[in-house]
Amino acid sequence: MGDRLQPVLAGVVTAVVGFASSFTVVLAGLGAVGASEAQAASGLLTVSVAAGICATWLGLRHRMPIAIAWSTPGAALLVATGPVPGGWPAAVGAFALCGLLIVTAGLFPALGRAVAAIPAPVAAAMLAGVLLPLCTAPVRALVEVPALAAPVIVTWLVLHRFAPRWAVPAALVAAAVVIALTTSGVGVTPGDLRPVVSPTVPVFTLPAVVGLALPLFLVTMAAQNVPGTAVLRGFGYRPPLAPALRATGLASALGAATGGHAVNLAAITAALAAGPDAHPDPDRRWIASVTAGIGLALLGLGAGAATTLVLLSPPVLIEAVAGLALLGALAGALTSALSSTPPSVVPDPRSREAAVVTFVVTASGVSLLGVGGAFWGLLAGCLMLLLFRRRTPAPAVGLPGPQEPEGNPVVGGRSAQVTGR
């Protein structure tokens, strides 16, 4: 009995931590690009169910702990991008195109290799620039709503010291408590808590394609799929990357019409399902990822309640919880962007300079021709490297995922550093 219970419990923990630690980022991102309350709730439900279906299918099919999650860096990108020309329908079109690009990467490995060829410091700097605005939200919350924000931040600090895995969920509980104590008399009907599915006909516009679809694809691939593969390899598995990309890309494309932005290989939660805590026998850990998938899909049914919680609170407070969830990711991205190259690689000082340019342009939120800063930051960094390339440039290794187990697994024939807490 215990042999079966251990991976099931690990899967439950994976689902709860994955959902509670970043659903606020998803809701904030969908709202930023124009989603209504119902459309944001529909999007959260969609990515939860889509990720759950993919995790269950891939785990049963390949008997590996292939954890699937929504793209948290992608959701942060939506916050940084803001409204796009064409509104919410154009954003939905960008989500669909991103999914199709992920499918294409699974069909044609050369595309995946092209994404991995983006210099690691530049890709990491783009991610850091995307995350920075959200990660400053806790400070803004302390200034704007100190009585509400202080208990949330203190809870996070204490749990981060003694039980890091539960720091963000605990901060979310603290936020729910202070919201409940300060919103007495606000009517919440049972209808507000039901699952919501709100379809939207996608519209394709050039600014949304260039400014949202392409950066979302790059962030999802570089910050989720590449390190997610690295985590599994670090635990001794050889994950079927191409089938995983095809499955998650198809799920993303199909889920776009109901607001789902992207699903992908999990990074941090992958370690929860694939590590020895899930089961001593590596051949039994797939049970954890399948359980996590089922649990995530079930938690998605509570998207209406999650959205209601967000609506009852000051926006900056929920952004603060999202920012706390992403602080580790920001630290990992900045470290990757500004640290020295591995000892075995000839250093290229231009990579660091290009990373700084990428970070500054992306974090500035500049928008030209309706295209957001993430695209221009990545373009500026890559152009700088092309114009000032040394004879022995540092080869790209793909973007390391934040807070991953230590090691130096190989992804797609290349060495990919993975940082740990």
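Residues numbered from 1 in each chain as written. Predicted model: local features only at pLDDT ≥ 70, side-chain atom pairs only at ≥ 80, totals over all residues. Heavy atoms only, no water.

**Q** So, the packing of helix 7 (residues 137–144) against helix 8 (residues 146–162): which residues are in play, and what are the values?
**A** Two numbers describe how helix 7 lies on helix 8: the axes approach to 6 Å, and their chain directions differ by 140°. Judged on the interaxial angle alone, helix 8 and helix 7 are oblique. At the point where helix 7 passes helix 8, the crossing takes the left-handed sense. Of the residues in helix 8, those touching helix 7 at P138, A141, L142, V143 and E144 are P146, A149, A150 and I153. Of the residues in the contact of helix 7 with helix 8, the class split is 8 nonpolar, no polar and 1 charged. (Axes fitted to C-alpha atoms, helices over the stretch in contact; angles between N-to-C directions. Helix = DSSP H or I, 4+ residues; strand = E, 2+ residues; numbered from the N terminus. Parallel < 35°, antiparallel > 145°, perpendicular 65-115°, else oblique. Left-handed = near helix turned anticlockwise from the far one by under 90°. Contact = heavy atoms within 4.5 Å. Nonpolar A, V, L, I, M, F, W, Y, C, P; charged D, E, K, R; others polar.)

**Q** Explain the confidence of the model for the protein to me, using residue names and the numbers behind them.
**A** Averaged over all residues, the pLDDT of the protein is 82; the fraction at 70 or higher stands at 85%. Note that pLDDT drops below 50 for residues 391–421; the model gives that stretch 80 contacts with residues more than four away or on any other chain. (pLDDT = per-residue confidence, 0-100.)

**Q** Hey, could you go over the nonpolar core for me, with residue numbers and the actual values?
**A** With 104 residues, the main nonpolar core has F23, L44, I68, F95 and F217 as its most contacted residues. In terms of residue count, the dominant contributor to this core is helix 15 (residues 315–338) (12 residues). Ignoring any residue separated from it by four or fewer positions in sequence, one finds F217 in contact with C98, L101, I102, A105, L111 and V115. Counting 5 residues, the second largest nonpolar core, distinct from the first, contains A67, A69, A266 and A270. (Core = buried A, V, L, I, M, F, W, Y, C linked by side-chain atoms within 4.5 Å. Buried < 20%, exposed > 50% of the residue type's maximum accessible area, 1.4 Å probe, protein only.)

**Q** Tell me about empty space enclosed by the protein, residues and numbers included.
**A** Tallied over the full model, the rule gives 3 cavities of 30 Å³ or more. Empty space within the largest cavity amounts to approximately 50 Å³. Along its surface, the largest cavity is lined by 10 residues, and A123, M126, L218, V219 and A222 are the ones closest to its centre. Of all the secondary structure elements, the ones that give two or more residues to the lining of the largest cavity are helix 6 (120–135) and helix 10 (206–234). The greatest single-element share of the lining of the largest cavity, amounting to 4 residues, is contributed by helix 10. Per-class residue counts for the lining of the largest cavity are 10 nonpolar, no polar and no charged. (1 Å grid on protein atoms, 1.4 Å probe; cavity = no way out; pocket = protein on both sides within 12 Å on 5 of 7 lines; lining within 4 Å. Points joined across faces, edges and corners; volume = space filled by probe spheres on them.)

**Q** Lay out the environment of L241 in plain terms, naming residues and giving numbers.
**A** Relative to the helices and strands, L241 resides in helix 11 (residues 241–255). Between the C-alpha atom of L241 and that of L265, which follows or precedes it by 24 residues, the distance is 9.1 Å. Ignoring sequence-local partners within four residues, the contact set of L241 consists of T229 and L265.

**Q** With reference to specific residues and values, describe unusual backbone geometry.
**A** In the Ramachandran plot, R63 falls in the positive-phi region, its phi being about 50° despite a non-glycine side chain. Relative to the helices and strands, R63 is located in the loop between helix 2 (37–62) and strand 1 (68–70). Exposure remark for R63: the relative accessible area of 44% places this residue in the partly exposed category.

**Q** Kindly report on the packing of aromatic side chains, identifying the contributing residues and their values.
**A** Inspection of every chain in the model, using the stated rule, returns 3 aromatic pairs. Ring centres of F19 and W70 lie 5.7 Å apart, and the angle between their planes is 65°; on these two criteria the pair is classed as edge-to-face. Of this pair, F19 sits in helix 1 (residues 2–32) while W70 is found in strand 1, placing the two residues 51 residues apart along the sequence. For the residue pair F19 and W70, the accessibility class agrees, reading buried in each case. Plain terms: the ring middles of W88 and F95 are 5.8 Å apart, the flat faces sit at 75° to each other, and that makes the pair edge-to-face. Through pairs of rings, three or more aromatic residues link up here, namely F19, F23 and W70. Across the ring face of W286, the terminal group of R63 is positioned such that the distance to the ring centre comes to 4.3 Å. When the ring centre of F162 is taken as reference, the NZ or CZ atom of R161 above it lies at 5.2 Å. (Phe/Tyr/Trp six-rings, centres within 6.5 Å; stacked < 30°, edge-to-face > 60°. Lys NZ or Arg CZ within 6 Å of the ring centre and 35° of its normal.)

**Q** Explain the side chain of T205 to me, and be specific about the residues and the numbers.
**A** Tracing the sequence through the fold places T205 in the loop between helix 9 (167–182) and helix 10. What T205 contacts, discounting residues up to four positions off in sequence, is P85 and A90.

**Q** Any chance you could break down the side chain of T362 for me, citing the residues and the numbers?
**A** Residue placement: T362 occurs in helix 16 (residues 349–364). Note on T362: relative accessible area 4%, which makes it buried. Reaching out from T362, the side chain makes a polar contact with the backbone oxygen of T358 at a distance of 2.8 Å. Ignoring any residue separated from it by four or fewer positions in sequence, one finds T362 in contact with M126, G129, V130, G373, A374, G377 and L378. (Polar contact = N/O pair within 3.5 Å; in protein donor to acceptor, adjacent residues only side chain to side chain.)

**Q** Tell me about the environment of H160, and please be specific about residues and values.
**A** Relative to the helices and strands, H160 resides in helix 8. The class for H160 is partly exposed, based on a relative accessible area of 35%.

**Q** Pulling in residues and values, what's your account of a nonpolar patch on the surface?
**A** Residues L5, V8, L9, V12, V16, W166 and L299 make up a contiguous nonpolar surface patch of roughly 510 Å² in combined accessible area. Residue contributions to the nonpolar patch peak at 5 residues, all from helix 1. Among the structural elements, W166 can be located in the loop between helix 8 and helix 9. Exposure remark for W166: the relative accessible area of 35% places this residue in the partly exposed category. (Patch = residues over 30% accessible without salt bridge, like charges linked within 9 Å, V, L, I, M, F, W, Y side chains within 5 Å. Areas by Shrake-Rupley, 256 points an atom, 1.4 Å probe, with all protein chains shown as cover. Salt bridge = Lys/Arg side-chain N within 4 Å of Asp/Glu carboxyl O.)

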